[in-house]
Amino acid sequence: MIKQQVCGTVFGVILNDTVSVQKIGSLEEAPYKGAPKAPVLYIKPANTRVGCGSVVSLPAGADSVEVAATIGLVMGRAAGRLAAGNALASVAGVVLAADLSLPHTSYYRPAIREKCFDGSLPMTSVKPLADLAGLTLATEIDGQVVDTRSLNDLIRSPAKLLADVTEWMTLSQGDVLLVGVRYMAPQAKAGSTVRISAEGLGSLNFTLVEGVAA
């Protein structure tokens, strides 16, 4: 295992799996009026990042949160205009991550409050790059498996995603690119213990607690 923590910017991506596209329905109608032609990115800032074993306080007034299991590609060097055929050569390792989000139906503005609250991105330390094709992620809430997903359902594979993102922006050493989260992921409530696992990558564990008003 590579004993290091993420130190760069974390980028997430939505609509990169077939299940999410099926759930959201037609992208040709309002409010979208057309499927995206490039990866749809968002940022999880530094305040969101916490490690394995953390206790995550939900924002005051929130009693549940969506738990989206994913994998993050950790850049080993600065990289721009990568080709899909060798894009993963720029990756130093991977992290297991749980991208937490308050349930919302926002269409016309970024969901910053919902996705960027403190502690909303539990992650493991960086692990050696593994064969991600067909990797299955399991989500357990209070000891019960509530969801499994295979990376075979990605619309853009990790290498293709890296190539498409770096076509127009440079990723720096230490940056992380999450390969995609499921739309309407399983929800967990305050008081729950969550475990994300994947064969060969171990597990990520954290606990949710009720937030306290300021």
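Structure's up top.
Description of the structure in this document. (Residues numbered from 1 in each chain as written. Predicted model: local features only at pLDDT ≥ 70, side-chain atom pairs only at ≥ 80, totals over all residues. Heavy atoms only, no water.)

1. Some points on the overall build of the chain
The helix and strand inventory of the chain stands at 3 helices and 13 strands. Each of the 214 residues in the chain was classed as buried or not, and the buried ones make up 50%. Long-range pairs, those at least 24 residues apart, make up 77% of the contacts in the chain between residues at least 6 apart in sequence. Total accessible area on the chain is roughly 10000 Å²; 53% of this is exposed by carbon and sulfur atoms. (Helix = DSSP H or I, 4+ residues; strand = E, 2+ residues; numbered from the N terminus. Buried < 20%, exposed > 50% of the residue type's maximum accessible area, 1.4 Å probe, protein only. Contact = heavy atoms within 4.5 Å. Areas by Shrake-Rupley, 256 points an atom, 1.4 Å probe, with all protein chains shown as cover.)

2. Let's talk about the side chain of Ser54
Here Ser54 is to be found in strand 4 (residues 54-57). A relative accessible area of 17% means that Ser54 is categorised as buried. Within the structure, the side chain of Ser54 is placed 2.6 Å from the backbone oxygen of Gly51, a separation counted as a polar contact. If near-sequence neighbours (up to four positions away) are discounted, Ser54 is found in contact with Asn205, Phe206 and Thr207. (Polar contact = N/O pair within 3.5 Å; in protein donor to acceptor, adjacent residues only side chain to side chain.)

3. Here we look at the sheet that holds strand 13 (residues 202-209)
Taken in spatial order, the 5 strands make up an open sheet running 4-13-12-8-9, and their pairing is mixed. If you trace the sheet from one side to the other, it starts and ends with strand 4 and strand 9 (144-150), each paired once. Averaged over neighbouring strand pairs, the angle between their axes works out to 25° when direction is ignored. For strand 12 (residues 193-198) and strand 13, the ladder comprises 6 bridges, and the chain directions are antiparallel. Bridge pairing in strand 13 places Ile196 opposite Leu204. (Pairing = 2+ DSSP bridges. Axes fitted to C-alpha atoms, helices over the stretch in contact; angles between N-to-C directions.)

4. Here's the deal with the packing of aromatic side chains
Following the criterion strictly, the structure yields 0 aromatic pairs and no others. When the ring centre of Tyr42 is taken as origin, the NZ or CZ atom of Lys115, which lies over that ring, is 4.7 Å away. (Phe/Tyr/Trp six-rings, centres within 6.5 Å; stacked < 30°, edge-to-face > 60°. Lys NZ or Arg CZ within 6 Å of the ring centre and 35° of its normal.)

5. A word on the nonpolar core
Side chains of a nonpolar character, in soluble globular proteins, are inclined to be buried together. Counting residues in each nonpolar core, the largest one holds 43 residues, and the members touching the most others are Val67, Ile71, Leu100, Phe206 and Leu208. Elements with a contribution of two residues or more to this core: strand 1 (10-14), strand 5 (64-75), strand 6 (91-101), strand 8 (136-141), helix 3 (158-166), strand 12 and strand 13. Every residue in contact with Ile71, bar those within four places of it in the chain, is listed here: Val94, Val95, Leu96, Leu132, Leu135, Leu137, Leu151, Leu177, Leu178, Val179 and Leu201. Membership of the second largest hydrophobic core comes to 10 residues, among which are Val74, Val95, Leu121 and Leu178. (Core = buried A, V, L, I, M, F, W, Y, C linked by side-chain atoms within 4.5 Å.)

6. Side note on the side chain of Arg182
Residue placement: Arg182 occurs in the loop between strand 10 (176-178) and strand 11 (187-189). There is a polar contact of 2.8 Å between the side chain of Arg182 and the side chain of Asp153.

7. Side note on the pattern of salt bridges
Under the counting rule described, the total for this entry stands at 9 salt bridges. Close ionic contact of Asp99 with Lys115 constitutes a salt bridge, the shortest N to O distance being 3.9 Å. Of the two residues, Asp99 sits in strand 6 while Lys115 sits in helix 2 (residues 112-115), which places them 16 residues apart along the sequence. Residue classification places Asp99 among the buried positions, given a relative accessible area of 1%. Judged by its relative accessible area of 14%, Lys115 falls in the buried class. For Asp164, the salt bridge goes to Lys160, with nearest N and O atoms at 3.2 Å. Taken together, the residues span about one helical turn, with Asp164 and Lys160 both in helix 3 at a distance of 4 residues. (Salt bridge = Lys/Arg side-chain N within 4 Å of Asp/Glu carboxyl O.)

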